[in-house]
Amino acid sequence: MISSSIAQANMEKSRFGSDYIPLVKEEAVRCRLLIPFSKIAWFTVSLPLFGFIFCIVWSVLYNFTAATYTHCKVDNFLPSISAAIGHYRPQKDIWKAAIATQSFTRILVLIMYYRHYKETLYKWAYGIGNFVLFTYTIENTALVTLSFWSSIENYALHKLSFITFLVMSLLHMLLSSIVVRNCRSPAKDTIEENSFQWKRRMLIGNVSSILLATYFFYRHNTYCESNVYSLFALAEYMVVLTNMGFHMTAAWDFAGRSLLVSCKGLRII
């Protein structure tokens, strides 16, 4: 009887976590939800992705003339990100809702990366890992502020938030890639290697997009050519999409990990 009880307890351990044994089977069924962390990572990125696509498409369909207007008064075919997400409704409301929601789930991702770095990095690299997490936090904070205060409502704050987001997101991607490659043992499986390769591709794409956006913005302000501002906007889109693609790699980084939601709260297992 005793051995049977121990075996049953071990089975429940393996199901719900290494140091938690439910007292009653009925409670385990009723009060627990196990969510793969990869789904949380996909959900976190999908919210701003679909919000971003909606804002661009809706602005083109229903606010095209106003959204593509510039001081040069030349033809354009795409709105800038600021115009698409911050100047018109319902775009600005949908974007704010998406960013506000994902900011909370990104806290879970931050916690996961903290634990991940503690488990995988060499001890001498803990300080670097903590700085990577700091850049992640500031990037998310800047994204929230630039989304909730548009260039029309508060130009100075919006500009500062945008620059901070750009610098911190680029720094985060660069340092994350360095940490994964140089501050821990080599990748143990194809999933980890695949995650690193996509991080590197998104980083290269992000840097290239920033350089293109800078070039087209300079040309637009210097020569006021038709459609050049739209090329700048297109490069802006790629900056955002490559940033999202980089954060999507968390789905591979945490493959096999889950969030346990129970009557007693949340646990990562």
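What you see is a predicted model; the values in this text were computed from it and never measured.

K.L.:
I keep staring at the overall build of the protein chain and nothing clicks. Help me out?
P.N.:
Along its length, the protein chain carries eleven helices and three strands. Per-residue burial over the protein chain gives 43% buried out of 269 residues. Sequence separation of 24 or more characterises 72% of the internal contacts of the protein chain that already satisfy a separation of 6 or more.

K.L.:
Explain helix α3 (residues 37-62) here, please?
P.N.:
The end-to-end C-alpha distance of α3, which contains 26 residues, comes to 38 Å, matching closely the 38 Å that a straight helix rising 1.5 Å per residue would cover. A maximum bend of about 30° is found in α3 at S46, where proline P48 lies one to four positions downstream. For α3, every residue scored as buried is listed here: F37, I40, A41, T44, V45, S46, P48, G51, F52, C55, I56 and S59.

K.L.:
Please clarify how the state of the cysteines should be interpreted in this entry.
P.N.:
Here is the idea: a disulfide is a covalent bond, and it sits between the sulfur atoms of two cysteines. Taken as a whole, this structure holds one disulfide when the rule is applied. Sulfur-sulfur distance for the disulfide between C72 and C224 comes to 1.9 Å. The chirality of the disulfide connecting C72 with C224 is left-handed, given an S-S dihedral of about -55°. Here C72 is found in the loop between α4 (64-67) and α5 (81-86), whereas its partner C224 is found in the loop between α9 (190-223) and α10 (228-248), with 152 residues between them in sequence. Given the relative accessible area of 15%, C72 is considered buried.

K.L.:
Explain the layout of surface pockets to me, please; I cannot follow it from the model alone.
P.N.:
Over the atoms a probe the size of a water molecule is rolled, and this reveals where empty space is left. There is about 1,200 Å³ of room inside the largest pocket. Lining the largest pocket are 47 residues, with S82, H158, F162, F232 and E236 sitting closest to its centre. If you list the elements that add at least two residues to the lining of the largest pocket, you get α3, α4, α5, α6 (91-120), α7 (126-148), α8 (155-182), α9 and α10. For the lining of the largest pocket, the element with the most residues is α10, which contributes eight residues. In terms of residue class, the lining of the largest pocket is built from 30 nonpolar, 14 polar and three charged. In this structure, the second largest pocket encloses a volume near 180 Å³. Around the second largest pocket sit 13 residues that line it, and H116, E192, D253, F254 and A255 are the ones nearest its centre. For the lining of the second largest pocket, the secondary-structure elements that each account for two or more residues are α6, α9 and α11 (250-253). In terms of residue count, α6 provides more of the lining of the second largest pocket than any other element does, five residues in total.

K.L.:
Even after reading the chapter, I still don't get empty space enclosed by the protein, so can you show me in this structure?
P.N.:
In total, this model carries three cavities of 30 Å³ or more according to the counting rule given. Size it by volume and the largest cavity reaches roughly 160 Å³. Along its surface, the largest cavity is lined by 18 residues, and H116, V180, R184, E192 and D253 are the ones closest to its centre. Secondary-structure elements contributing two or more residues to the lining of the largest cavity are α6, α8 and α9. In terms of residue count, α9 provides more of the lining of the largest cavity than any other element does, five residues in total.

K.L.:
Can you help me understand a nonpolar patch on the surface in this one?
P.N.:
Among the surface-exposed residues, F50, I53, V57, L61 and Y62 lie close enough to one another that they form a single nonpolar patch of about 550 Å² accessible area. With respect to the helices and strands, the residue Y62 is situated in helix α3.

K.L.:
Honestly, the packing of aromatic side chains in this entry has me stumped. Any pointers?
P.N.:
Aromatic ring pairs are reported here in terms of the distance separating the ring centres and the angle at which the planes meet. In this structure the tally under the stated criterion is twelve aromatic pairs. Each ring, one from W58 and one from Y62, has its centre 4.5 Å from the other, and the planes form 40°; the classification is tilted. Of this pair, W58 and Y62 both sit in helix α3, four residues apart, roughly one helical turn. By relative accessible area, W58 is classed as partly exposed at 29%.

K.L.:
Looking at this model, I keep getting lost on the environment of T120. Mind explaining?
P.N.:
Along the chain, T120 turns up in helix α6. On the basis of relative accessibility, which here comes to 22%, the residue T120 falls in the partly exposed class. Once the C-alpha coordinates of T120 and S185 are considered, the two residues, 65 residues apart in sequence, prove to be 7.5 Å apart. The residues touching T120, leaving out its near neighbours within four places in the chain, are C183, R184 and S185. One polar contact links the side chain of T120 to the main-chain carbonyl oxygen of H116, over a distance of 2.7 Å.

The rules we used
- Residues numbered from 1 in each chain as written.
- Predicted model: local features only at pLDDT ≥ 70, side-chain atom pairs only at ≥ 80, totals over all residues.
- Heavy atoms only, no water.
- Helix = DSSP H or I, 4+ residues; strand = E, 2+ residues; numbered from the N terminus.
- Buried < 20%, exposed > 50% of the residue type's maximum accessible area, 1.4 Å probe, protein only.
- Contact = heavy atoms within 4.5 Å.
- Expected span 1.5 Å × (residues − 1).
- Bend = angle between axes of the 7 residues up to and from the residue.
- Disulfide = S-S within 2.5 Å.
- 1 Å grid on protein atoms, 1.4 Å probe; cavity = no way out; pocket = protein on both sides within 12 Å on 5 of 7 lines; lining within 4 Å.
- Points joined across faces, edges and corners; volume = space filled by probe spheres on them.
- Nonpolar A, V, L, I, M, F, W, Y, C, P; charged D, E, K, R; others polar.
- Patch = residues over 30% accessible without salt bridge, like charges linked within 9 Å, V, L, I, M, F, W, Y side chains within 5 Å.
- Areas by Shrake-Rupley, 256 points an atom, 1.4 Å probe, with all protein chains shown as cover.
- Salt bridge = Lys/Arg side-chain N within 4 Å of Asp/Glu carboxyl O.
- Phe/Tyr/Trp six-rings, centres within 6.5 Å; stacked < 30°, edge-to-face > 60°.
- Polar contact = N/O pair within 3.5 Å; in protein donor to acceptor, adjacent residues only side chain to side chain.

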